[in-house]
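# Observations on the three-dimensional arrangement
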Amino acid sequence: MYQSERMNEILKILNKYHYVTVDYLVEQIRYSPASIRRDLTLLEKQGLVKRSYGGVELKKEASTPFMFRQHSMKTAKNGIAAKA
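Throughout this document, residue positions are counted from 1 along each chain, in the order its sequence is written. With pLDDT at 70 or above as the cut-off, local features in this predicted model cover only qualifying residues; side-chain atom pairs require 80 or more to be listed or tallied, and sums for whole chains, interfaces and linings still use all residues. Only hydrogens and water are set aside; all other atoms, that is, all heavy atoms of the structure, feed into the side-chain values.

### Comments concerning the packing of aromatic side chains
Rules: Side-chain rings of Phe, Tyr and Trp, where Trp is taken by its six-membered ring, are said to pair if the distance between their centres is within 6.5 Å; with planes under 30 degrees apart they count as stacked, over 60 as edge-to-face, and otherwise as tilted. We call a residue buried when its accessible area falls under 20% of the maximum for its residue type, exposed when it is over 50%, and partly exposed in between, using a 1.4 Å probe and counting protein chains only. Think of it as a cone above the ring: NZ of Lys or CZ of Arg counts as a charge over the ring if it is within 6 Å of the ring centre and within 35 degrees of the ring normal.
Applying the stated rule across the entire model yields one aromatic pair. On the numbers, 5.8 Å between centres and 80° between planes, the contact of Tyr 17 with Tyr 24 is edge-to-face. The exposure class of Tyr 17 is partly exposed, given its relative accessible area of 40%. Tyr 24 sits in the partly exposed class, given a relative accessible area of 25%. Above the plane of the ring of Tyr 31 lies Arg 6, whose end atom (NZ or CZ) is 4.8 Å from the centre.

So, in structure tokens, the structure goes:
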């Protein structure tokens with residue numbers, strides 16, 4: 001399993017449980033604690049998770065930068081603007 005696949009698996013587990021321990025992730029994904037911790041460090045640097053002693057939780061507000069949000073739902077926004 002590649003690192004990106006492990007990180008996706010970690011995020012899938014976190015979406016289901018919101019908080020898990022490193023030991024639980026080691027048990028579920030079957031990789032070494034060092035590998036899991038490296039993945040969690042990368043996910044934390046990306047702003048997706050928040051680490052605590054022995055565990056990790058999904059960040060509650062992972063806001064998307066405006067540059068990406070301005071293009072979402074563009075047709076709906078144009079429809080609202082036309083009616084206004």
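### Here's the deal with the environment of Glu 9
The line we're drawing: Working definition: helices are DSSP H or I runs of at least four residues, strands are E runs of at least two. Numbering for both runs from the N terminus.
In this fold, Glu 9 is placed in helix α1 (residues 3-17). The exposure class of Glu 9 is partly exposed, given its relative accessible area of 27%. For the pair Glu 9 and Gln 28, spaced 19 residues apart in sequence, the C-alpha to C-alpha distance is 9.4 Å.

### Points about the sheet that holds strand β3 (residues 55-58)
How we decide: Should DSSP find at least two bridges between two strands, the strands are regarded as paired. Axes, fitted as lines to C-alpha atoms, cover a helix only where it is in contact. Angles between the N-to-C directions of the axes lie from 0 to 180 degrees.
Reading across from one edge, β1-β3-β2 is the order of the three strands in this open sheet, with antiparallel pairing throughout. At either margin of the open sheet sits one strand with a lone partner, and together these are β1 (19-21) and β2 (49-52). Going across the sheet, the axis of each strand differs from the next one's by a mean of 20°, ignoring polarity. Alignment of β2 against β3, held across four bridges, turns out to be antiparallel. Residue pairing in the sheet places Arg 51 in a bridge with Val 56 of β3.

### So, unusual backbone geometry
A positive phi angle is found at His 18, which is not glycine, with a value near 70°. With respect to the helices and strands, the residue His 18 is situated in the loop between α1 and β1. Phi is positive for Arg 30, which is not a glycine, with a value near 60°. Note on placement: Arg 30 falls in the loop between α2 (22-29) and α3 (33-45). The class for Arg 30 is exposed, based on a relative accessible area of 72%.

### A closer look at the packing of α1 against α3
Selection criterion: Orientation labels follow simple angle bins: below 35 degrees gives roughly parallel, above 145 gives roughly antiparallel, 65 to 115 gives roughly perpendicular, and whatever is left gives oblique. Residue contacts follow a heavy-atom distance rule, with two residues in contact if any of their heavy atoms lie within 4.5 Å.
Relative to each other, α1 and α3 sit at 75°, their axes nearing to 10 Å. Considering the angle they form, α1 stands roughly perpendicular to α3. Contacts between α1 and α3 pair Gln 3, Arg 6, Met 7, Ile 10 and Leu 11 from the former with Ser 35, Ile 36, Asp 39, Leu 40, Leu 42 and Leu 43 from the latter.

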